[in-house]
Amino acid sequence: MNLQEQLCDWGNIRLAYQNASRGKRGRGATASFEMLLADNLLELQTELEEQTYQPGGYTSFYIHEPKKRLISAAPFRDRVAHHALCNVTVPYFERLFISDSYANQKGKGTHRALDRCTQFARRFKYVLQCDVKQFFPSIDHVVLRETLANMLPDDSAMWLVDKILASGRGVLSEEYEMVYFPNDELFALQRPRGLPIGNLTSQWWANCYLNPFDQFVRRELGCRGYVRYVDDFLLFSDTRYELLNWRDKVFERLKRFRLTLHEGSAYPKPVTEGIPFLGFQIFSDHRRLKPRKGYAFRRRLFHSVKYDSQESIKAKVQGWINHVRHGDTIGLRRSMLKQFGLLA
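Residues numbered from 1 in each chain as written. Predicted model: local features only at pLDDT ≥ 70, side-chain atom pairs only at ≥ 80, totals over all residues. Heavy atoms only, no water.

**Student:** Honestly, unusual backbone geometry in this entry has me stumped. Any pointers?
**Tutor:** A negative phi angle is the norm for most residues apart from glycine, just as the trans form is the norm for most peptide bonds. Unusually for a residue other than glycine, Arg258 sits at a positive phi of about 55 degrees. For Arg258, the location among the structural elements is in the loop between α12 (240–254) and β6 (268–270). For Arg258, a relative accessible area of 10% corresponds to the buried category. One non-glycine residue, Leu278, adopts positive backbone phi at about 55 degrees. Along the polypeptide, Leu278 turns up in the loop between β7 (275–277) and β8 (280–282). Using a relative accessible area of 18% as the deciding quantity, one classes Leu278 as buried. (Helix = DSSP H or I, 4+ residues; strand = E, 2+ residues; numbered from the N terminus. Buried < 20%, exposed > 50% of the residue type's maximum accessible area, 1.4 Å probe, protein only.)

This is the structure in structure tokens:
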């Protein structure tokens, strides 16, 4: 079966609904969809088969942790369609990702990325830390579409990719500060760009967008110590000179993806100074939580203790502990829980 046939398979539609509704059943839009579940799924299947599916509008809101970001939530029905598309395309994406790309994938995630960073901090003397400016607002639709088409076995489902891409056009336009690249004309301002933060498709497509860059770092630069998590990535070497040389080539290569880096932080430094990565400060022999991460959780916990149920408080505390225990945080955990009378 080609991708379009897999997409419209009833088993895939059912699985997409189950994945989209996990943890949300009986609430809000999910409950409304479930009232006529079979009819709604059959209607969605028909629209996907006939390629008449049209995405709805987004509901947008800001979050402020870890930094201010505009989150755009698609209607539940659209989230089912996103899951259906990801079910059949993600296996092809994962086959092409390098092993040291850690976002979204099963068996990967932030903690595996932190562990890999620690391994490289023990093997190499210097690190070049990079993160992309305005990553999700900057993602260029033409570049992304070409990248996705090259990663998939056929183009039969690209019509749905186009629909979802078009639905997100302009959602993050106010978050984007225009950057002109070599050979750009004035009309470059009108190029479609931006992926709504909140879509499952956006998470995977953002990973795909930088996959050719990953291949460049590994194959052309020959970097043996490289870790990427979404738009944050690290290059390791035993010499500053090599990293400075790579830095210039990284800046130049990212222009092909219409992306820029935060230049001020993108300079080689000794790994002994610590590597700020994914909320931790990483050293070769220990790992500290960034102070602002501790302060942020303290604020959330203060509010939770005042207004939430004991069950909700327990869940939040356990989730936080499960994360920060990947650093040397036993003293911080005891202090935090003692402060709020939660130390058992």
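Having seen the structure, we can now continue with the description.
**Student:** How should the environment of His111 be read in this particular structure?
**Tutor:** Topologically, His111 is positioned in helix α6 (residues 110–123). Put simply, His111 and Leu160 are 49 residues apart on the chain and 33 Å apart in space, counted from C-alpha to C-alpha. The residues touching His111, leaving out its near neighbours within four places in the chain, are Asn322, His323 and His326. In this structure the side chain of His111 is engaged in a polar contact, spanning 3.0 Å, whose partner is the side chain of His323. (Contact = heavy atoms within 4.5 Å. Polar contact = N/O pair within 3.5 Å; in protein donor to acceptor, adjacent residues only side chain to side chain.)

**Student:** Whenever I open this one, the sheet that holds β7 confuses me. Can you help?
**Tutor:** Backbone-to-backbone hydrogen bonds pair the strands of a sheet. The strands run either parallel or antiparallel. With antiparallel pairing, the 3 strands of this open sheet are ordered in space as β7-β8-β9. On the outer flanks of this sheet lie β7 and β9 (287–289), each paired with one strand and no other. Going across the sheet, the axis of each strand differs from the next one's by a mean of 25 degrees, ignoring polarity. Across the sheet, α6 touches β7, β8 and β9, and the angle it forms with β7 is around 165 degrees. (Pairing = 2+ DSSP bridges. Axes fitted to C-alpha atoms, helices over the stretch in contact; angles between N-to-C directions.)

**Student:** What is the right way to look at the sheet that holds strand β4 (residues 225–229) in this model?
**Tutor:** Sheet architecture is open: 4 strands sit in the order β4-β5-β3-β6, paired in antiparallel fashion. Looking at strand neighbours, the two that pair on one side only are β4 and β6, the edges of this open sheet. Across this sheet, the average inter-strand angle for adjacent strands is 25 degrees, counted without regard to direction. Here strand β3 (residues 126–131) runs beside strand β5 (residues 232–237); their pairing, made up of 6 bridges, is antiparallel. Note on β5: the bridge partner recorded for Tyr126 is Ser237. Most of the contacts of α6 go to β4, to which it runs at about 160 degrees, and overall it touches β4 and β5.

**Student:** What should I look at first to understand helix α2 (residues 10–21) in this one?
**Tutor:** Since there are 3.6 residues in each turn of an α-helix, residues three or four apart along the chain are aligned in direction. In this model, α2 (12 residues) spans 17 Å end to end at C-alpha, consistent with the 16 Å of a helix rising 1.5 Å per residue. Along α2, the residues that are buried comprise Asn12, Ile13, Ala16, Tyr17, Asn19, Ala20 and Ser21. Those residues of α2 hidden inside the fold are in contact with α1 (3–8), α3 (28–35), α4 (37–50) and α5 (76–96). With a side-chain oxygen positioned 3.0 Å from the backbone nitrogen of Gly11, the residue opening α2 is Asp9. (Expected span 1.5 Å × (residues − 1).)

**Student:** How should I be thinking about the packing of helix α14 (residues 310–324) against helix α15 (residues 330–339) in this particular structure?
**Tutor:** Helix packing geometry: the angle between the two helix axes and the distance between the axes. Close contact between α14 and α15 brings their axes to 11 Å; oriented N to C, the two are set at 165 degrees. It follows that α14 is roughly antiparallel to α15 by the angle criterion. In the crossing of α14 with α15, the sense of the turn from one axis to the other is right-handed. Two secondary-structure elements touch here, α14 through Val317, Trp320, Ile321 and Val324 and α15 through Leu332, Arg333, Met336 and Leu337. Counted by class, the contact of α14 with α15 contains 7 nonpolar, no polar and 1 charged residues. (Parallel < 35°, antiparallel > 145°, perpendicular 65-115°, else oblique. Left-handed = near helix turned anticlockwise from the far one by under 90°. Nonpolar A, V, L, I, M, F, W, Y, C, P; charged D, E, K, R; others polar.)

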